[in-house]
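# Residue-level structure breakdown
Okay, here's what each chain looks like letter by letter:
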2 protein chains.
Amino acid sequence: MTDPRRQISGPERRALLELTLGLVDACADTIRACVAAGFEVERKADGSLVTSADIAAEKGFREGLLASRPDAGILGEELGLTNADADFRWVIDPIDGTAEFARHMPIYGSIVGVYYRDAPLIGVLDHPALGMRVHAVHGEGAFANGRPLSVETYAGLAPGVRLGLPSRSSFLKDSDNEAVHQALVAAYPNFRVYHTCYAHTLVASGALDASMEWDTPAWDLAATRVIVEEAGGRYVTLREHDRPGVGTVYSAVFGRAAVVEEVAALVERYA
Amino acid sequence: MTDPRRQISGPERRALLELTLGLVDACADTIRACVAAGFEVERKADGSLVTSADIAAEKGFREGLLASRPDAGILGEELGLTNADADFRWVIDPIDGTAEFARHMPIYGSIVGVYYRDAPLIGVLDHPALGMRVHAVHGEGAFANGRPLSVETYAGLAPGVRLGLPSRSSFLKDSDNEAVHQALVAAYPNFRVYHTCYAHTLVASGALDASMEWDTPAWDLAATRVIVEEAGGRYVTLREHDRPGVGTVYSAVFGRAAVVEEVAALVERYA
């Protein structure tokens, strides 16, 4: 099967990137304006938090995108699916780590992925409060604020693998995967739990050897595969299933190939 | 027993704070200059990392302090103890989270505590890469970049306690406290592992309900007690013992009183 992304020329990729980065700029401006002006926090039906900043940022992104491409597909955490059959789809989590954001912790971020016929073409992880933006275009490398990234940058700097994990509650949400969590914690005593796209940024820059998500919606991983692969790493989907009212949720591990393979094998034994 | 800190007048406290914040400013300048110019990373005898930035920052702090107060006591992570019998002692960890810093992760920070006859008088947690500084003076409140802090700010924002934990490896370093770690992970499924003074900053601002350290040297906790108490929280030392070549190491939990008491009781059952 031919990779559908081959049909997208270099100039078209760069035009898509320019459009997407402009929308992310506007998203970051909206978030910063909400922080400056104050924002509302509400509890969603599933118990998770949403703020007026999440809604405003996703609305602005949708309006900007549809103004320039009325046929664009959009899947957003807060406002659902638009133009479901479009060839190009933008997937957005306007504020990943809302619980952190609502508490004014700076490591939250915006996640944007652009897909062509389900293949990841562009990924952006933007951290407005950290002044840090990671992006990648399929075939053109991964960058943080313009600097090329490699998952191997700090390989071997210190003994012991640094693995990012989601919180234990993620392993219990849809089904009891306590055994997977326990096996991971036992095998990787230097694990970290940052629990936002901040961890994905750290993987892309080599600061974490690898990280994982467990049973998480598409928008949380929207940017990660293309960024990690373009930074020379591996991305493995561990499992996927349907969560009523949310859609497909995914478990994945990504980072340096050697660590990713080891983690994937361990998860397979315990899941 | 009278609190020795009562002997320190308001003007004297403010002079000590001004001196200390000036030294932290210089420390941050040194760290930023090292980041810009590049720095060396080495492995210490205990396997942990040290960079040329750690050494340069602590040296600058010591020289600046002794130039203005030649009789000052100083305990630093990298360069040991000076003027051991002094009434006033500055305790400094120039870069807490060196492993993070060496990988260019932004959440590392400088920790400074000022003690008068062993009682914590001033605490500073400075995050040069985040543009965030927390400080407190005994009896005068805790502040982040001048804004007053309370550990209760986000209490009840979402269900479930957010507890910061050190990595599992900390619980295994000096003796086997696997049972304590397991009990904490079981009781607090929404736990986080940030593993630097960043977690202490989050507690002071209420973003984490509480956080813990396990078997960690004095400099890692140098600023925390006075900051958390001045932000309206509680600080409980869970245990302390001598680690050869390092000195006394401490385990502590700190944050919102209700959570701190619950965690302390749980640790007592399993330690």
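Structure report, in brief. (Residues numbered from 1 in each chain as written. Chains lettered and ligands numbered in written order. Predicted model: local features only at pLDDT ≥ 70, side-chain atom pairs only at ≥ 80, totals over all residues. Heavy atoms only, no water.)

## With respect to the interface of chain A and chain B
- Contact with chain A, which involves 37 residues of that partner, is made by 37 residues of chain B.
- Together, the buried faces of chain A and chain B total about 3,300 Å²; carbon and sulfur atoms form 59% of this surface.
- Of all residues in chain A, A:Arg103, A:Leu157 and A:Arg168 give up the largest surface area on contact with chain B, accounting jointly for 20% of the area buried on that side.
- Where chain A packs against chain B, one counts 4 salt bridges. (Contact = heavy atoms within 4.5 Å. Buried area = accessible area lost by both parts, 1.4 Å probe. Salt bridge = Lys/Arg side-chain N within 4 Å of Asp/Glu carboxyl O.)

## Quick notes on the relation of the copies chain A and chain B
- The transform that puts chain A on chain B rotates by 180° and translates by 0.0 Å along the axis, for an RMSD of 0.0 Å. Taken together, the rotation and translation describe the operation of a two-fold axis. Nearest to the rotation axis, the C-alpha of A:Val193 is located 2.3 Å from it, this being the minimum over chain A.
- A symmetric contact is evident, with 100% of the interface residues of chain A recurring at the interface of chain B. (Least-squares fit on C-alpha atoms with pLDDT ≥ 70 in both.)

## Considerations on the packing of aromatic side chains
- On inspection of all chains with the given rule, the structure shows 14 aromatic pairs over all chains.
- With centroids separated by 4.7 Å and ring planes inclined at 20°, the aromatic side chains of A:Phe39 and A:Phe101 adopt a geometry described as stacked. With A:Phe39 in the loop between helix 1 (10–37) and strand 1 (41–43) and A:Phe101 in helix 3 (residues 98–102), this pair connects stretches of sequence that are 62 residues apart. A single burial state applies to A:Phe39 and to A:Phe101, both of which are buried.
- Here B:Tyr194 and B:Tyr198 contribute two aromatic rings whose centre-to-centre distance is 5.3 Å and whose plane-to-plane angle is 85°, an arrangement assigned as edge-to-face.
- Linked through ring pairs, A:Tyr194, A:Tyr198, B:Tyr194 and B:Tyr198 together constitute an aromatic cluster.
- The lysine or arginine in question, A:Arg69, covers the ring of A:Phe88, its NZ or CZ lying 5.0 Å from the ring centre. (Phe/Tyr/Trp six-rings, centres within 6.5 Å; stacked < 30°, edge-to-face > 60°. Helix = DSSP H or I, 4+ residues; strand = E, 2+ residues; numbered from the N terminus. Buried < 20%, exposed > 50% of the residue type's maximum accessible area, 1.4 Å probe, protein only. Lys NZ or Arg CZ within 6 Å of the ring centre and 35° of its normal.)

## Some details on the pattern of salt bridges
All names here are of chain A.
- In the structure shown here, the tally under the stated rule is 36 salt bridges over all chains.
- The partner of Arg-225 in a salt bridge is Glu-229, and the shortest N-O contact between them spans 2.9 Å. Of the two residues, Arg-225 and Glu-229 are both situated in helix 6 (residues 224–230); the distance of 4 residues between them amounts to about one turn of the helix.
- With relative accessibility at 33%, the residue Glu-229 sits in the partly exposed group.
- Linked through salt bridges whose partners overlap, the residues forming this network are Asp-25, Asp-126 and Arg-133.

## Examining helix 5 (residues 197–204) of chain B
All names here are of chain B.
- The buried count for helix 5 comes to 8 of 8 residues, which makes it a mostly enclosed element.
- Of the positions making up helix 5, those classed as buried are Cys-197, Tyr-198, Ala-199, His-200, Thr-201, Leu-202, Val-203 and Ala-204.
- Gly-206 sits one or two positions beyond helix 5 and adopts a positive phi of about 85°.

## Notes on the packing of helix 1 of chain A against helix 2 (residues 52–68) of chain A
Residues and elements named next belong to chain A.
- In contact at an axis separation of 9 Å, helix 1 and helix 2 are set at 150° when each is read in the N-to-C sense. One way to sum up the angle between helix 1 and helix 2 is to call them roughly antiparallel. Our pair here, helix 1 against helix 2, has a crossing hand that is right-handed. The segment helix 1 lies against helix 2, with Leu-19, Leu-23, Val-24, Cys-27, Thr-30, Ile-31 and Cys-34 engaging Ala-53, Ala-56, Ala-57, Phe-61, Gly-64, Leu-65 and Ser-68.
- Of the residues that constitute the contact of helix 1 with helix 2, the class distribution is 11 nonpolar, 3 polar and no charged. (Axes fitted to C-alpha atoms, helices over the stretch in contact; angles between N-to-C directions. Parallel < 35°, antiparallel > 145°, perpendicular 65-115°, else oblique. Left-handed = near helix turned anticlockwise from the far one by under 90°. Nonpolar A, V, L, I, M, F, W, Y, C, P; charged D, E, K, R; others polar.)

## Looking at the nonpolar core
- Of all hydrophobic cores here, the largest spans 42 residues; its most connected members are A:Leu184, A:Met212, A:Val263, B:Leu184, B:Met212 and B:Val263.
- Mapped onto this core, the elements with two or more residues apiece are helix 4 (178–187), strand 12 (210–217) and helix 7 (257–270) of chain A together with helix 4 (178–187), strand 12 (210–217) and helix 7 (257–270) of chain B.
- Residue contacts for A:Met212: discarding those within four places in its chain leaves A:Gly164, A:Leu165, A:Pro166, A:Phe171, A:Leu184, A:Leu238, A:Ala252, A:Val253, A:Phe254, A:Val263 and A:Val267.
- Counting residues in each nonpolar core, the second largest holds 32 residues, with A:Ala252, B:Ala199, B:Ala207 and B:Leu221 among its members. (Core = buried A, V, L, I, M, F, W, Y, C linked by side-chain atoms within 4.5 Å.)

## What to know about empty space enclosed by the protein
Residue and element names in this part refer to chain A.
- Under the defined criterion, the tally for this structure stands at 1 cavity of 30 Å³ or more.
- Forming the boundary of the largest cavity are Gly-164, Leu-165, Pro-166, Arg-192, Val-193, Tyr-194, His-195, Thr-196, Ala-199, Ser-211, Met-212 and Glu-213.
- Broken down by element, the lining of the largest cavity gets its largest block of residues, 3 residues, from strand 12.
- When its residues are assigned to classes, the lining of the largest cavity shows 6 nonpolar, 4 polar and 2 charged. (1 Å grid on protein atoms, 1.4 Å probe; cavity = no way out; pocket = protein on both sides within 12 Å on 5 of 7 lines; lining within 4 Å. Points joined across faces, edges and corners; volume = space filled by probe spheres on them.)

## Some remarks on the sheet that holds strand 10 (residues 147–148) of chain B
All names here are of chain B.
- An order of 4-3-5-6-7-8-9-10 is seen for the 8 strands of this open sheet, with the pairing classed as mixed. Edge positions in the sheet fall to strand 4 (80–82) and strand 10, since each has one partner strand and no second.
- Bridge count for strand 3 (residues 73–76) against strand 4 is 3 bridges, and the pairing is antiparallel. Opposite Leu-75, over in strand 4, you have Leu-81 as the bridge partner.
- Where helix 5 meets the sheet, it contacts strand 5 (88–96), strand 6 (109–116), strand 7 (119–127) and strand 8 (132–137), and its direction lies at approximately 110° from that of strand 7. (Pairing = 2+ DSSP bridges.)

## Quick word on unusual backbone geometry
- The phi dihedral of A:Asn83 is positive, around 50°, even though this residue is not glycine.
- Within the secondary structure, A:Asn83 sits in the loop between strand 4 (80–82) and strand 5 (88–96).

## Brief notes about the packing of helix 4 of chain A against helix 7 of chain A
Residue and element names in this part refer to chain A.
- Two numbers describe how helix 4 lies on helix 7: the axes approach to 9 Å, and their chain directions differ by 140°. Classified by the angle their axes make, helix 4 and helix 7 are oblique. Crossing angle aside, the handedness with which helix 4 passes helix 7 is right-handed. Seen from helix 4, the contacting residues are Ala-179, Val-180, Ala-183, Leu-184 and Ala-187; seen from helix 7, they are Val-263, Leu-266, Val-267 and Tyr-270.
- Its residues placed into classes, the contact of helix 4 with helix 7 shows 9 nonpolar, no polar and no charged.

## Quick word on the sheet that holds strand 8 (residues 132–137) of chain A
Residue and element names in this part refer to chain A.
- Within the open sheet, the 8 strands sit side by side as 4-3-5-6-7-8-9-10. Their pairing is mixed. Edge positions in the sheet fall to strand 4 and strand 10 (147–148), since each has one partner strand and no second.
- Here 6 bridges tie strand 7 (residues 119–127) to strand 8, and the two strands are oriented antiparallel to one another. Bridge pairing links Val-124 to His-135 in strand 8.
- Across the sheet, helix 2 lies against strand 3 (73–76), strand 4, strand 5 and strand 6 (109–116), angled at about 160° from strand 5, the strand it touches most.
- Contacts from helix 5 (residues 197–204) reach strand 5, strand 6, strand 7 and strand 8 within the one sheet, and its direction differs from that of strand 7 by about 110°.

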